[in-house]
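Residue-level structural notes
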Amino acid sequence: AVMPSLVGQLVGVAQTKVQNIANPGKDKAKPPPPPPPRAWCITLRRNPPLTDEDQPPIGCCEKTCIKLVVIPPAFFAFLAGWLVIWIVWMIGCCCCPCVGPGFFVMFWRSRMAAAQGKASETYESFKGDVTTSVGLARCLLYTVLFTRRELIRPLCQFWNW
C-alpha cells in the first residue's frame with residue numbers, strides 16, 4: 001500500500017512541474033510596462049496608454065503634426081551626427097598609438113549595444129570604461145556617446161513612433 005501512494009505522489013509532482021513548464025505565465029505576475037521613450041525632451045506617448053506618462057492619449061493628427069515639426073531637424077542632426085562619428089573615428093585612427101587598442105574595443109562595444117537597442121543602458125555601462133581611460137580617449141568616447149544619444153538616435157525614434 002505504501003508503494004502505490006509514493007508512485008502516485010511522484011507522478012503528481014511531475015505532472016505539476018510539467019504543467020508549470022508548459023504554462024509559465026499563469027503563476028507569474030506580468031512586469032509593469034517600461035516608461036515611454038523620450039527624445040529631445042519630447043515624451044513619445046504610446047497609444048493606447050500603458051503608463052501614467054502616456055496620459056492623455058495622443059491622437060493621430062497631433063502625432064503627425066509633431067512628426068512634421070521634428071523630423072526635418074532630426075534628419076539634419078542625424079547627418080551631422082554621422083559626420084561627427086566619422087571625425088572621431090579618424091582622430092581615433094590617427095591617435096591609436098597614443099590611446100591604445102582598448103579605445104577601439106570601447107567603440108565597438110558602444111556600437112553593439114546601440115545596435116541591440118540598449119541606448120539608454122549604453123551610457124551607464126561605459127561609465128567605468130570612461131573613468132579609467134586617458135584624457136583624449138575619454139573626450140572622444142563622451143563625444144561618441146552624446147552624438148549617438150542626442151543626434152543619431154532621435155531620427156529613428158521619431159520615425160518609428
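The structure displayed is predicted, hence computed values, not measured ones.

With that settled, consider the overall build of the protein. Scanning the protein from N- to C-terminus turns up seven helices and two strands. Going residue by residue from the N terminus, the α and β elements of the protein occur as α-β-β-α-α-α-α-α-α. Put simply, the protein has 161 residues, and 26% of those count as buried. In the protein, the proportion of contacts linking residues at least 24 apart, taken out of those at least 6 apart, comes to 58%. As displayed, the protein has an accessible area near 10,900 Å², and 70% of this comes from carbon and sulfur atoms.

The subject of this paragraph is the nonpolar core. Grouped together as the largest cluster of nonpolar side chains are nine residues: A39, L44, I58, V70, I71, A74, L155, F158 and W161. If you list the elements that add at least two residues to this core, you get α2 (60–94) and α7 (135–160). Here F158 is in contact with A39, W40, I42, L44, K67, V70, I71 and A74, once residues within four sequence places are set aside.

To continue, consider a nonpolar patch on the surface. Taken together, the side chains of F75, F76 and L79 present a nonpolar region at the surface, about 320 Å² in accessible area. Note on placement: F76 falls in helix α2.

Tracing the chain through its elements places T147 in helix α7. The exposure class assigned to T147 is buried, which follows from its relative accessible area of 2%. In this view, T147 contacts G81, V84, I85 and I152; residues no more than four positions away in its chain are not counted.

The terminal C-alpha atoms of α2 lie 49 Å apart, and with 35 residues this matches the ideal 51 Å at 1.5 Å per residue to within 8%. A bend of about 35° at V70 is the largest found in α2, and the proline P72 appears one to four places after it.

Two measures describe an aromatic ring pair: the distance that separates the ring centres and the angle between the ring planes. Counted according to the given criterion, the structure contains three aromatic pairs. With a centroid separation of 5.6 Å and 65° between ring planes, the pair formed by W40 and F158 is classed as edge-to-face. A residue pair is termed long-range when its members are at least 10 positions apart, and W40 in the loop between β1 (38–39) and β2 (42–43) and F158 in helix α7 qualify at 118 residues. Judged by relative accessible area, F158 falls into the buried class, the value being 0%.

Counted under the stated rule, the structure contains one salt bridge. The partner of E150 in a salt bridge is R149, with the nearest N and O atoms 3.2 Å apart. According to the relative accessible area criterion, E150 is partly exposed, its value standing at 25%. Given the relative accessible area of 29%, R149 is considered partly exposed.

Within the secondary structure, K67 sits in helix α2. With no salt bridge to any partner, buried K67 finds its closest opposite charge in E62, at an N-O distance of 13 Å. Setting aside its immediate chain neighbours within four residues, K67 contacts P72, F158, W159 and W161.

Scoring rules and cut-offs
- Residues numbered from 1 in each chain as written.
- Predicted model: local features only at pLDDT ≥ 70, side-chain atom pairs only at ≥ 80, totals over all residues.
- Heavy atoms only, no water.
- Helix = DSSP H or I, 4+ residues; strand = E, 2+ residues; numbered from the N terminus.
- Buried < 20%, exposed > 50% of the residue type's maximum accessible area, 1.4 Å probe, protein only.
- Contact = heavy atoms within 4.5 Å.
- Areas by Shrake-Rupley, 256 points an atom, 1.4 Å probe, with all protein chains shown as cover.
- Core = buried A, V, L, I, M, F, W, Y, C linked by side-chain atoms within 4.5 Å.
- Patch = residues over 30% accessible without salt bridge, like charges linked within 9 Å, V, L, I, M, F, W, Y side chains within 5 Å.
- Salt bridge = Lys/Arg side-chain N within 4 Å of Asp/Glu carboxyl O.
- Expected span 1.5 Å × (residues − 1).
- Bend = angle between axes of the 7 residues up to and from the residue.
- Phe/Tyr/Trp six-rings, centres within 6.5 Å; stacked < 30°, edge-to-face > 60°.
- Lys, Arg positive; Asp, Glu negative; His and termini not counted.

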